[in-house]
Amino acid sequence: MRSITVLSGGVGGARFLTGLLHGIATSQLPGTTPETNVTVVANTADDIWIHGLKVSPDLDTVMYTLGDGIDPERGWGRREESWSVKEELAAYGVEPTWFGLGDRDIATHLVRTQMLEAGYPLSQVTQALSRRWLEPKFGDRLRLLPMTDDRVETHVAIADESQPSGKRVVHFQEYWVRMRAAVAAEQLVFVGLDQSSPAPGVAEALSTADLVIVPPSNPVVSVGTILGVPGVREALLDRTAPVVGLSPIVGDRHVHGMAEQMLTSIGVEVSAAGVGRHYGSRGRGGVLDGWLVDSADSAAVPALEAAGIKAAAVPLMMTSPDATAAMARAAIELVS
């Protein structure tokens, strides 16, 4: 297996990638060798401009995690972080105060913003940042690509009786960070998604990979936005190599994040089978050839098979790199 492409969100995708790369390096994954290349296509619809800086949370979470710079307790941001700038901005009364940029993390956003304002596209900026975080450890065997160079943002409509429409639209980061996803998401608005195009290298990574993996990232606002970039879904449908995914829902609950709220907002059943059917069988116009569910959801396998998706039940809790590598191995074996 020469190459694997992974469609990734933030924390869940980064943790899966850690196990996948560990499995490749330790020869735990069938068909792979230490020279197997991995391309990560990351969601950028969570991106936001804060205090004049361009912040790309999912790109940075993947980059910091794989480059050993992530805060292991939070699962995002830099380890050994300090917050002096955030505190000073709050003292000046500068809004928003709910989104915290750490002092070390700000350096990444400054470099990204300066390069963007100099005319470099996000894909080239990401490549430049990756030279610090990824190349020393992985060389050219790991590529991190944004899903698009175009500006795409996810916004969330929530109930607000003070508004004439009875609704208010907020940026996804405000919904997630400030509101903690504690109010119902009545509608999702993907600004700019329909007019976007895949970033350089994305279509090629999908068309030439020996395997495409959909990790246990949010199926609506992470993987869903990647698939929503015009041309990405078509590239998956046209390919002959398999596409396999792993459920982010275990026992009818999300393991991390807010998949339950997002799935409910688009009318998808919150279950391992519901997410698998949402992605759909590639033979019937969807994107999946195989779908792994947790052992707790083994009863969902027959329904998935009936929907045209090859399925199996295995432990899906990413408790260690070896446990996650075992998940990646089961995914490869499912569609081998």
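This write-up is about the structure you can find in this document. Keep in mind that this is a model prediction, so the values were computed, not measured.

Looking now at the sheet that holds strand β1 (residues 3-8). The sheet built from seven strands is open, its strands ordered β5-β2-β1-β9-β10-β13-β14 with parallel pairing. The strands lining the two open edges of the sheet, one partner per strand, are β5 (142-146) and β14 (310-314). Each strand axis lies, on average, 20° off the axis of its neighbour in the sheet, ignoring direction. Where strand β10 (residues 243-246) lies against strand β13 (residues 290-294), three bridges are found, and the strand directions are parallel. If you follow Leu-246 over to β13, its bridge partner there is Leu-292. The strands touched by helix α2 (residues 57-66) within the sheet are β1, β2 (37-42) and β5, with β5 carrying the most contacts at an inclination of about 165°.

Structural remark: α-helix, 3.6 residues per turn; residues separated by three or four positions point the same way. The buried fraction of helix α12 (residues 272-279) amounts to six of the eight residues, a majority that puts the element mostly inside the structure. Residues Ala-272, Ala-273, Gly-274, Val-275, Gly-276 and Tyr-279 constitute the buried set of α12. Looking one or two places after α12, you find Gly-280, whose phi comes out positive at around 80°.

Let us now look at the pattern of salt bridges. Inspection of the entire model under this criterion finds 13 salt bridges. Residue Arg-104 pairs with Glu-80 through a salt bridge whose shortest N-O separation is 4.0 Å. One end of the pair, Arg-104, is in helix α4 (residues 103-117); the other, Glu-80, is in the loop between α2 and α3 (84-91), and 24 residues separate them in sequence. Glu-174 serves as the salt-bridge partner of Arg-178, at 2.7 Å between the closest nitrogen and oxygen. With Arg-178 and Glu-174 both in helix α7 (residues 172-178), this residue pair falls four residues apart, about one helical turn.

Another point: the sheet that holds strand β6 (residues 153-159). Adjacent strands of a sheet form backbone hydrogen bonds with each other and so pair up, either parallel or antiparallel. Strands sit in the order β7-β6-β8 across an open sheet of three strands; the sheet is antiparallel. Looking at strand neighbours, the two that pair on one side only are β7 (167-171) and β8 (187-191), the edges of this open sheet. The average undirected angle you get between the axes of adjacent strands in this sheet is 30°. Where β6 meets β7, five bridges bridge the pair, whose relative direction is antiparallel. Among the inter-strand pairings, Val-156 is bridged to a residue of β7, identified as Val-170.

In this structure, β13 lies alongside β14, joined through five bridges in parallel fashion. The residue of β14 that forms the bridge with Val-293 is Ala-313.

Note that Asp-160 resides in the loop between β6 and β7. In this structure the side chain of Asp-160 is engaged in a polar contact, spanning 2.8 Å, whose partner is the side chain of Arg-168. Those residues in contact with Asp-160 that sit more than four places away from it in its chain are Gly-166, Lys-167 and Arg-168.

What counts and what doesn't
- Residues numbered from 1 in each chain as written.
- Predicted model: local features only at pLDDT ≥ 70, side-chain atom pairs only at ≥ 80, totals over all residues.
- Heavy atoms only, no water.
- Pairing = 2+ DSSP bridges.
- Helix = DSSP H or I, 4+ residues; strand = E, 2+ residues; numbered from the N terminus.
- Axes fitted to C-alpha atoms, helices over the stretch in contact; angles between N-to-C directions.
- Contact = heavy atoms within 4.5 Å.
- Buried < 20%, exposed > 50% of the residue type's maximum accessible area, 1.4 Å probe, protein only.
- Salt bridge = Lys/Arg side-chain N within 4 Å of Asp/Glu carboxyl O.
- Polar contact = N/O pair within 3.5 Å; in protein donor to acceptor, adjacent residues only side chain to side chain.

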